[in-house]
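Residues per chain are reported as follows:
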Protein chains: 2
Amino acid sequence: MTPKPVAKAVPLRETLRAAQGPVTLLGYDATSKPLAPRSKSEAAKELAKTGKVLAAQQEMLFANGANGDRRRVLLVLQGTDTSGKDGVVSHVVGQVGPAGVRITSFKKPTAEEAAHHFLWRIRRALPPAGMIGVFNRSHYEDVLVTRVHESIDDDAWAERIADINAFERQLAESGTVLLKCFLHISYGEQRARLLARLDDPTKVWKFNPADIDERAYWSDYQSAYAAAIAATSTESAPWYIVPSDSKWYRNWAVSQLLRDALLGLELSYPAADFDVEAARARLQPPF
Amino acid sequence: MTPKPVAKAVPLRETLRAAQGPVTLLGYDATSKPLAPRSKSEAAKELAKTGKVLAAQQEMLFANGANGDRRRVLLVLQGTDTSGKDGVVSHVVGQVGPAGVRITSFKKPTAEEAAHHFLWRIRRALPPAGMIGVFNRSHYEDVLVTRVHESIDDDAWAERIADINAFERQLAESGTVLLKCFLHISYGEQRARLLARLDDPTKVWKFNPADIDERAYWSDYQSAYAAAIAATSTESAPWYIVPSDSKWYRNWAVSQLLRDALLGLELSYPAADFDVEAARARLQPPF
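Now for a look at the structure at hand. These figures come from a predicted structure and were not determined experimentally. (Residues numbered from 1 in each chain as written. Chains lettered and ligands numbered in written order. Predicted model: local features only at pLDDT ≥ 70, side-chain atom pairs only at ≥ 80, totals over all residues. Heavy atoms only, no water.)

### What to know about the relation of the copies chain B and chain A
The operation relating the pair of chain copies consists of a rotation about an axis and a translation along that axis. Mapping chain B onto chain A calls for a screw motion: a turn of 180° about the axis and a shift of 0.0 Å along it, with 0.0 Å RMSD after fitting. In symmetry terms, the pair is related by a two-fold rotation axis. Measuring from the rotation axis to each C-alpha of chain B, the shortest distance belongs to B:P98, at 3.2 Å. A shared binding surface is used by both copies, with 100% of the interface residues of chain B retained as interface residues in chain A. (Least-squares fit on C-alpha atoms with pLDDT ≥ 70 in both. Contact = heavy atoms within 4.5 Å.)

Following this line, the structure appears as structure tokens:
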């Protein structure tokens, strides 16, 4: 019997990758679950399993970094308020040894930051060699908020986009694997999550009434995201649009993307660069 | 029947706290397990349980920090090579949400760091309000390595000790809870762990032949630690001597100490500082 030809599995990264050319976020269903495990509990099991792979890969990345390898990974998380950026940090990144991770949450620029080029604070937060960097919001805020509130004109926006593409190309050239995830939620889901925060005494501190003001600009933000994603999804720094109305799907999907980015580095532990036998001989008792 | 008087439990922090006055580390048994759970598996269960408490407390600390509370926690980990500092970071600190933790590993000072006062790089690594800072090695290296290798004289040593005590008092005054742990291992256990690294292809990258050279100064390091601990174990910044020949005891003990430090803050979630009903009303459909 000839074996049946096996259907080649489409990797998640191809499925979630932002389409080439103009992007309309309306074309992406925030409630969908492409390639998902069959159930929430299956996804939890896979997430835990992937977590172990992430931890092992991170340790190898770190070991190589300590040995002169310049490679590193940068996970960029973007999305509207309540889209789950903190959740990904906690549930996905939290599975990796904390010493190998550098997390930066970008807020409204301080006076010092605002006095510099918008990439100044970003460069200062880049992960060292061997580390996984995580940006909770990023330089993309500077082409999103600014566009929605019209604090920069089209020329300035285009200039920033060009700056970002050049910056990200340089990162890739110097050994940084970029993984940019847009956590895509629907308008109704944001309402539900904001209301849930109001109802929960352990979550209400996360609520900022200004978030309601920003919600009034929902469509403008969606357009601004679409424009930024279309203009900056490059071969070396692709965007992934992660349907995020389901929290378990979102966590599962980002963990898979991060795992694949790490596996793509084809890491192994560095061999000893010293005489192991001599070291062993010196360590014999009574020494 | 009158209930029997319940023996008041001695908290771990009193048991492990460095004795007042001169300390001789020989008086502390690195293999002991004071107040330990009955078995390794019991300890693992307690560690997982304590991990959930740590995560919940950290989140509350963070929530308060976001609300203007200046308090924070700083865990200082010291100990000879292989004493388990990385292990504590991974197994204890790793149980807490990674966004609420700031970990710094201090290496041999860079040229820039060495050109400054020895506390310069330390101040730059302090945790922001609401965060748990972790120092993997710390300013104590500057009164340990230097004393062992006689790169500073007794007067300079005493001056640095005075600097450290003033610095830590200022930290305490400005809302930092300090938890200083010396991970105490025996000479034989260090040999075993160094040899184990040589035998394990996934661990050999951690091995540095220079560590064997430093091992030749074992007794000098023990004396230097004893002197530093005796001179800097203060009311607001006490030292804990954690017997660390057993990895599971070490992780359990540090997790208990960290939990108690957090519980001592008597945290609760901050209440909403805005009109919750008005916010809820604004969020009704179709908005």
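### With respect to the side chain of A:N136
All names here are of chain A. Within the secondary structure, N136 sits in strand β3 (residues 132-136). Looking at N136, its side chain comes within polar contact range of the side chain of D86, at 2.8 Å. Residue contacts for N136: discarding those within four places in its chain leaves L77, K85, D86, V89, T104, S105 and F106. (Helix = DSSP H or I, 4+ residues; strand = E, 2+ residues; numbered from the N terminus. Polar contact = N/O pair within 3.5 Å; in protein donor to acceptor, adjacent residues only side chain to side chain.)

### Considering helix α7 (residues 154-173) of chain A
Residues and elements named next belong to chain A. Look at α7: 29 Å from first C-alpha to last across 20 residues, which is about the 28 Å you get at 1.5 Å a residue. For α7, the complete set of buried residues consists of W157, I161, I164, F167, E168 and L171. Within α7, the buried residues cover an arc of 130° as seen down the axis, which keeps them to one side. More than 90 degrees from the buried face of α7, the exposed residues found are D155, E159 and E173. The inward-facing, buried residues of α7 abut β1 (72-78), α5 (120-124), α6 (145-148), β4 (176-184) and α10 (218-232). Measuring from the side-chain oxygen of the N-cap residue of α7 to the backbone nitrogen of D155 gives 3.1 Å; that N-cap residue is D153. (Expected span 1.5 Å × (residues − 1). Buried < 20%, exposed > 50% of the residue type's maximum accessible area, 1.4 Å probe, protein only. Arc of directions from axis to C-beta.)

### Describing the sheet that holds strand β3 (residues 132-136) of chain B
Residue and element names in this part refer to chain B. If you trace the 5 strands from one edge of the open sheet to the other, you get β2-β3-β1-β4-β5, paired in parallel fashion. Edge strands, defined here as strands with exactly one partner in the open sheet, are β2 (101-105) and β5 (239-243). Averaged over neighbouring strand pairs, the angle between their axes works out to 20° when direction is ignored. As judged from the 5 bridges shared by β2 and β3, these two strands associate in the parallel manner. Residue pairing in the sheet places V101 in a bridge with I132 of β3. Relative to the sheet, helix α10 (residues 218-232) contacts β1 (72-78), β4 (176-184) and β5, its axis offset from that of β4 by approximately 155°. (Pairing = 2+ DSSP bridges. Axes fitted to C-alpha atoms, helices over the stretch in contact; angles between N-to-C directions.)

### As for the interface of chain B and chain A
The extent of an interface is frequently quoted as the accessible surface area lost upon association of the parts. With 40 residues of chain B in contact, the opposing surface of chain A contributes 40 residues. In this assembly, chain B packs against chain A so that about 3600 Å² is buried in total across both faces, 72% of it on carbon and sulfur atoms. Three residues, B:W205, B:L283 and B:F287, lead the burial of chain B against chain A; their summed loss comes to 20% of the area buried on that side. Counting across the interface, chain B meets chain A through 4 salt bridges. (Buried area = accessible area lost by both parts, 1.4 Å probe. Salt bridge = Lys/Arg side-chain N within 4 Å of Asp/Glu carboxyl O.)

### Topic: the pattern of salt bridges
Residue and element names in this part refer to chain A. Under the definition given, this model contains 26 salt bridges over all chains. E42 is paired through a salt bridge with K45; the nearest N and O atoms lie 3.9 Å apart. On the criterion of helical spacing, the pair formed by E42 and K45 is a turn pair, its members being 3 residues apart in helix α2 (residues 40-66). Looking at E42, the relative accessible area reads 27%, which means it is partly exposed. A salt bridge links R137 to D81, with the nearest nitrogen and oxygen atoms 2.7 Å apart. Pair noted here: R137 is in the loop between β3 and α6 and D81 is in the loop between β1 and α3 (85-91), with a separation of 56 residues, a long-range link. The two residues R137 and D81 agree in class, both being buried. Overlapping salt bridges bring together R13, R259 and D260 as one network.

### Some words on the sheet that holds β3(A)
Residue and element names in this part refer to chain A. Here 5 strands make up an open sheet; going across it, the order is β2-β3-β1-β4-β5 and the pairing parallel. On the outer flanks of this sheet lie β2 (101-105) and β5 (239-243), each paired with one strand and no other. For this sheet, the mean angle separating the axes of adjacent strands, direction not counted, is 20°. Contacts between α7 and the sheet are confined to β1 and β4, with β4 contributing the most and set at about 130° to the helix. α10 contacts β1, β4 and β5 of the sheet and is inclined by roughly 155° relative to β4.

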